[in-house]
Amino acid sequence: MSKIDTAKRLLNLASNQPGSFIKAAKYGVKYGLVGLHDRFHQELVLNNVDVPEDAPEPGTIEGDLTFSIVMPVYNVDIKWLSKAVESIENQSYRNWELCIADDASSDHRIREYLLLKQSDRIKVTLLDENQGISKASNAAASLASGDYVVLMDNDDMIARNALQELFACASVSHADVIYSDNDVINENDQRVAVLHKPDWSPDLLLSQMYVGHLLAFRRSLFNEVGGFRSEYNGSQDYDLLLRMMLKTQSIQHIAKVLYSWRAIESSTASNPDSKPYAQIAGQAAIQDYLNKRYGLGECRVGETENLFVYDVRYPIPEKTRASIIIPTKDHIDDLDAAISSIFEMTDYSNFEIIILDNNSVDPQSKQYFDEIQSKHDNLRVIPAHYQFNWSKLNNHGIREATGDVFVFLNNDVTIQTRDWLTRLVENALRPEIGAVGGLLLYPDGTIQHAGVVIGMGGWADHVYKGMPPVHNGNPYISPMVSRNVSAVTGACMALSRDTINQIGGFDEEFIVCGSDVEICLRATKFGMRNLYDSQVRLTHYESKTRDAKDIPEVDFRLSKAMYRPYLASGDPYYNRNLDYLSCEPRVISRKERMVREARDDMWVELSAIRPLSFVKTTRPVSARLNLLIPSVNQEDVFGGISTALNFFERIISDTNIDARIIVLDSIPRSGDVSKRFPDYSIIELGNDSDCPKQVVAASKRERSSLPVSANDWFIATSWWSAYCFQDEALRQQGLCDGIKTNPLIYLIQDYEPGFYAWSSEYVLAKSTYQSDVPIIAVFNSRELKSYFADNHISFEREYVFDPFLNKRLAEKLSEHHGLVAKRKQVLVYGRPGTPRNAFELVVESLRRWIKTDETAKQWDFLSAGEQHPPVLLAEGRYLSSVGKLSLDDYAVLLSESYAGLSLMVSPHPSYPPLEMAAFGVQVVTNQYDCKDLSYFSPNITSLHRATPHEVSSALHDICSDFKSEATCGNVLKSYLECPDPYPFISEIEDLILQK
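For clarity, every value in this text was computed on a predicted model and none was experimentally measured.

Calculation notes
- Residues numbered from 1 in each chain as written.
- Predicted model: local features only at pLDDT ≥ 70, side-chain atom pairs only at ≥ 80, totals over all residues.
- Heavy atoms only, no water.
- Helix = DSSP H or I, 4+ residues; strand = E, 2+ residues; numbered from the N terminus.
- Expected span 1.5 Å × (residues − 1).
- Contact = heavy atoms within 4.5 Å.
- Domains from an automatic or database assignment.
- Buried area = accessible area lost by both parts, 1.4 Å probe.
- Salt bridge = Lys/Arg side-chain N within 4 Å of Asp/Glu carboxyl O.
- Polar contact = N/O pair within 3.5 Å; in protein donor to acceptor, adjacent residues only side chain to side chain.
- Nonpolar A, V, L, I, M, F, W, Y, C, P; charged D, E, K, R; others polar.
- Phe/Tyr/Trp six-rings, centres within 6.5 Å; stacked < 30°, edge-to-face > 60°.
- Buried < 20%, exposed > 50% of the residue type's maximum accessible area, 1.4 Å probe, protein only.
- Pairing = 2+ DSSP bridges.
- Axes fitted to C-alpha atoms, helices over the stretch in contact; angles between N-to-C directions.

1. Comments concerning helix α21 (residues 719-733)
Across its 15 residues, α21 extends 21 Å between first and last C-alpha, which sits within 8% of the 21 Å expected from 1.5 Å per residue. Considering only its buried residues, α21 is in contact with β24 (614-616), β25 (624-629), β30 (712-716), β31 (744-748), α22 (760-767) and β32 (775-779).

Dropping the structure here:
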């Protein structure tokens, strides 16, 4: 590389990261231009990308899917071609073939090289005359015999684990089309750019061929759509994928860099102007798709100011009316600027403006409202004399509106593009689209909104915020390209009346912010996509009218609960390789991600014993029962929490006393509470409410106390909830006017110190069994009670109940009438985050069975209980996770599985092996101390030694006797028919009622 080229590249790199100029200058003085390049490249590129994970050695991974790599070749430099072929030969996954068609290269050395490489796995055809990229690709594809076709250029490279990742994804998702992230490398194989893509985004594909490489698809689908078409040469991949999109939406994304696109002078990776004909071909391919999808001429596609970026326009039915809804309180100057810009800058004529006057007090406001209504017959001012609530105001506007599309605008925006309303309307009317938003700029011209990313900043934020609105597609999609997003800002948001009728209006529990994101996420639950249109442009004078510090606590609580799934799994329209703590797309290194995750885990552990303080109630209270519980949200209510709620509700039903469910760890969601507990009200901690049935939100308990009287009784069901009560009860005993507390009803569902190695948690968990606070112990199995007795742990009173089948599962079981059809499927209770379920031992046992038993390859392996990535077992078999299931879906899985594996390293019998046995699953589990479940059902194999050898041998014996039909219900009768699971409960109720 010349010094001039080095300088140019460094300027290009530094322009993306201006803060690096000073560092570049220092390096330049010290090391010179060549040394500067090496160090600058290391800092700006290599240190900011994910270090590739180690892949297995070449050819060590087997699988039952064959990948046919299709490579057209034409006059490529031999050194690039050989690197491309070598990257395929080095694949860790063995089951591949390379199909090459040489398109009559004039360089005879290419044909000589290809003929030397020709083998059973490398198939070569030599075309007699040059036919172009599409026909050459079709010729190569005609050699393919695999399940999936993988496209590859003749000068690029794929990562060693590329096919392995494709196999894992295809095996789990059964997708028709799969694509990955990619990077760009130079002549020295150095990474110069990277593109981390969103998950499948149909509207983005109509704006730009973002999928690129690595791209794989079913060979049958390729044949069905007719392969490549020569009239789209230059954008033939684009055309092919668009035609596939007409046939399938089963498209998966692998968020890993599996493909390296080489930047050389003739490639679009180096110079997008090198193939200008591809721009026209891409536009034609999109128009062809639109004609087939919507009808000839119904939609049209145009070019934009940026190469390879397109603009699709949709029809609007005649007489479609837009209702622009603007809440306001005074700030007439801002409002007038917004209204004036709408009338001056809007081409679309059929609209009305509804201004919601939310308690304006400035006399000039009323005068302005009168003037503007007399000036415009399509503008109305509606009184909204109630406390500010953004959601309520917009719902009020919806009721007043007459339009087919609602456009929600802040009063501090001005319009910049004349077709803004047309674009919002045409897209909002599309039945597959939920909310539509646009590009909002700060007054200084930088970006305020270009789409919302859930989880950004720990909450939700606007990607590209504060950056200039320029076209830059590295390391994420450019802000100047329209794309699907999880949400758009309510400062400019359009939804159709049909959409609102289907999904409902704004959630009025949110007061200031959050409900704009919530309604977008709700639309996705109804199968819709949200859209960011980069051609809709406004200026937003954010926070001019309301201070961001005025956001109430309830908005934070509701938002935190709403965002929690995205904080764990990421926003599907962003990418997990990008830093969620930065609005500017920035690649986060594996090292930095691991440090953050470790820091987060430490914080969770330290918060386990946060005090729950009591304060004397100010009103008379008769007997009241309180349940201390981690969560009541739907995804958490299973197993121990479900049992605790069942026990608690039984006492409340029998005694009809007041009840409080005190939620210690999560924020209770109103929707889940109203569905599961319709008679209960959510009460903030510290509120001395007289409501007879309460769900108390106590996750944020540092500054508030729980009103308590001497007539309050408490149930605890986890060691930390017991600890919270005992710690506070002992504190109250030491106060001269402390609250007298009753014995703790301790629902013991396992020996919880065993959940931890010898540690602080072990000591604290065990201390809850040794407290000076009197304990009424309720054990959930006789095995567990015996274990406590054997370890000389006793309590003031002790009761025990036997496990019983969940009511819903019992209903589904009865539908089979004693017989159930089975398939060759092993169901695993898989929880890698819970050590007592011995996930590593489960995996090693399955691996041992597959390696030693040829018939094991005929079986599918599913893991339920906790969502986790696919786990490679052996011989190309994967353990695929289905995560947490609904009870109905779980019943289906139980019904169809023939064999099961559920380990539990504790004295608690664990529910999954019992449930499996009830549904006729032949399940392998382990003994522990006094626990041996073989008495429960002949379907249970209870191992004294649960080593990989013993477990795999047991699976072999079970699966060798596979039958396509099995009896179900062959378990202890008391497990299925349990008229009173708590025969002792009247004694506890008498204590509470002081009889």
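2. Considering the domain arrangement of the chain
One can read the domain layout of the chain as domain 1 (3-46), domain 2 (67-270), domain 3 (322-597), domain 4 (607-800) and domain 5 (807-976). Between the C-alpha centres of domain 2 and domain 3 the distance comes to 40 Å. Across the contact, 20 residues belong to domain 2 and 22 residues belong to domain 3. At the boundary of domain 2 with domain 3, total buried surface from both sides reaches about 1500 Å², with 52% on carbon and sulfur atoms. Taken together, the connections running from domain 2 to domain 3 amount to two salt bridges. Put simply, domain 2 and domain 3 have 13 residue pairs in polar contact (both at pLDDT 80 or more) between them. At the level of elements, β7 (191-195), α7 (202-205) and β9 (251-262) are the ones that each hand at least two residues to the side of domain 2 that touches domain 3. Counting residues per element, the side of domain 2 that touches domain 3 draws most heavily on β7, at four residues. By residue class, the composition of the side of domain 2 that touches domain 3 is ten nonpolar, five polar and five charged.

3. Description of the packing of aromatic side chains
This model, assessed by the stated rule, comprises 46 aromatic pairs. Ring geometry for Phe408 versus Phe506: centroids 4.9 Å apart, planes at 90 degrees, classification edge-to-face. With Phe408 in strand β15 (residues 405-409) and Phe506 in the loop between α15 (497-503) and α16 (515-525), this residue pair connects regions lying 98 residues apart in the sequence. A relative accessible area of 0% places Phe408 in the buried class. By relative accessible area, Phe506 is classed as buried at 4%.

4. Focus on the sheet that holds β31
Across the sheet, eight strands lie side by side as β27-β28-β26-β25-β30-β31-β32-β33; this open sheet has parallel pairing. Both outer strands of the open sheet, β27 (681-684) and β33 (797-800), are each paired with one neighbouring strand and no more. For this sheet, the mean angle separating the axes of adjacent strands, direction not counted, is 25 degrees. When β25 meets β30, the two strands line up parallel, connected through five bridges.

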